[in-house]
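Observations on the model geometry
Chain by chain, the residues:
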Amino acid sequence: MHRLADPERELALSYAKKTARPLLRTLWSVDERFGSIVAGTTETTIGEMRLLWWREALAAASDHAAAEPLLQQVADSLGQSGADGAEWGKMAEGWFALLQEPLESVDLERFAEDRGGPLFRLSAALLTEDVPDWVSDYGRAWALVDLSFRIRDEVAASQARSLAGDILARMDPHKWPRTLRSLGALVILTRRDIGKSERRQGSPSRVLRMIYHNITGY
C-alpha cells in the first residue's frame, strides 16, 4: 500500500489505531486522487468526466478493481470495514466545485461541505462507533485552510481562510478523544495556519505540535 503524498496527513494517520490505518489510508488516497484530477485538469469538461467516472467506479468498486489498483485497494477496504463506496465517491462533488473559474465563495463553501466534512466524518466512522457531530465542521475548516495553500488565486485563498475562520470561531477548542486524535492533529495545524499565507510542512515545530496533540489531546 503506497504512502500518502502529503507528509503531514501520512503522519496524522499513523496516530490512528493500527487496525484502522490501512482503511484510512485508502480513503485518503481516494481523496488525493480526486485532488490530482482537479490539479491536472486544463479543460473543465474533461475534469468533470474523470471525477464522474471515479464517483461511479467507487459505487461499484469490485466491478472496476481489475482496471485500477486503487480501486482494488478500495474494494478490499470496503469488504473489511463494511463502508459504503458510494459515500466515498460522493466526495467528488466537493472537488467538482473547484473546476469553476473564477472560484467564488459559494464554490468554496460547496467544496468544504461536500469534501472536507464527509472526509472527516467517514474517517471518524472508521475509528469509532460514536462519531461526534462536530467532526464534520472541523473537516470543513481543515479543507478550506489546506486549499488556501494549494491554489494560486490569492483572492480565493483569502476567502477560504476567512470562511474557515468563521467556522473555527464558533467552535471552542477542547480535548480530543484518543480515537480521533489522528484527525485532531490536522485540526491543530489548521488553527495554527489560519492567519498565514505560507507553511513549512514537516518542519520540526509542526511535527512536535502534532506529537504533543497525540499525547495530550490538546
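Throughout what follows, the structure given in this document is the object of discussion. (Residues numbered from 1 in each chain as written. Predicted model: local features only at pLDDT ≥ 70, side-chain atom pairs only at ≥ 80, totals over all residues. Heavy atoms only, no water.)

The secondary structure content of the protein amounts to 12 helices and zero strands. Across the protein, helices and strands are ordered from the amino to the carboxyl terminus as α-α-α-α-α-α-α-α-α-α-α-α. Judged by the C-alpha coordinates and their principal axes, the protein covers about 45 × 40 × 30 Å. For the protein, buried positions account for 51% of its 218 residues. A sequence separation of at least 24 residues applies to 66% of the contacts in the protein between residues at least 6 apart. (Helix = DSSP H or I, 4+ residues; strand = E, 2+ residues; numbered from the N terminus. Buried < 20%, exposed > 50% of the residue type's maximum accessible area, 1.4 Å probe, protein only. Contact = heavy atoms within 4.5 Å.)

Let us now look at the packing of aromatic side chains. Throughout the structure, instances matching the rule amount to eight aromatic pairs. Following the ring pairs from residue to residue traces out a cluster consisting of Trp28, Phe120 and Trp142. (Phe/Tyr/Trp six-rings, centres within 6.5 Å; stacked < 30°, edge-to-face > 60°.)

Structurally, Ala60 can be placed in the loop between helix 3 (44-59) and helix 4 (61-64). Given a relative accessible area of 24%, Ala60 falls into the partly exposed group. For the pair Ala60 and Glu129, spaced 69 residues apart in sequence, the C-alpha to C-alpha distance is 25 Å.

Let us look at the side chain of Arg161. For Arg161, the location among the structural elements is in helix 10 (residues 154-169). Of the side chains with opposite charge, Glu154 comes closest to the buried, unpaired Arg161, at an N-O distance of 4.5 Å. When neighbours within four sequence positions are excluded, Arg161 is seen to be in contact with Ser148, Glu154, Asp193, Ile194, Lys196 and Ser197. (Lys, Arg positive; Asp, Glu negative; His and termini not counted. Salt bridge = Lys/Arg side-chain N within 4 Å of Asp/Glu carboxyl O.)

So, on to helix 11 (residues 181-193). Structural remark: α-helix, 3.6 residues per turn; residues separated by three or four positions point the same way. In a regular helix each residue adds 1.5 Å, so 13 residues correspond to 18 Å; helix 11 covers 18 Å between its end C-alpha atoms and thus fits that length. With 11 of 13 residues buried, helix 11 is to be regarded as a mostly interior element. Taken together, the buried positions of helix 11 are Arg181, Ser182, Leu183, Gly184, Ala185, Leu186, Val187, Ile188, Leu189, Thr190 and Asp193. Tucked into the core, helix 11 has its buried residues touching helix 1 (7-13), helix 2 (21-39), helix 8 (105-127), helix 9 (134-148), helix 10 and helix 12 (204-216). (Expected span 1.5 Å × (residues − 1).)

For the structure shown, the criterion picks out 19 salt bridges. Residue Asp6 is joined to Arg150 by a salt bridge in which the shortest nitrogen-to-oxygen separation is 2.5 Å. Taken together, the positions of Asp6 in the segment before helix 1 and Arg150 in the loop between helix 9 and helix 10 put the pair 144 residues apart, joining distant regions of the chain. Look at Asp6 and you get buried, because its relative accessible area is 6%. Using a relative accessible area of 44% as the deciding quantity, one classes Arg150 as partly exposed. When salt bridges that share partners are traced, they join Asp6, Arg9, Asp31, Glu32, Arg115, Asp146, Arg150 and Arg199 into one network.

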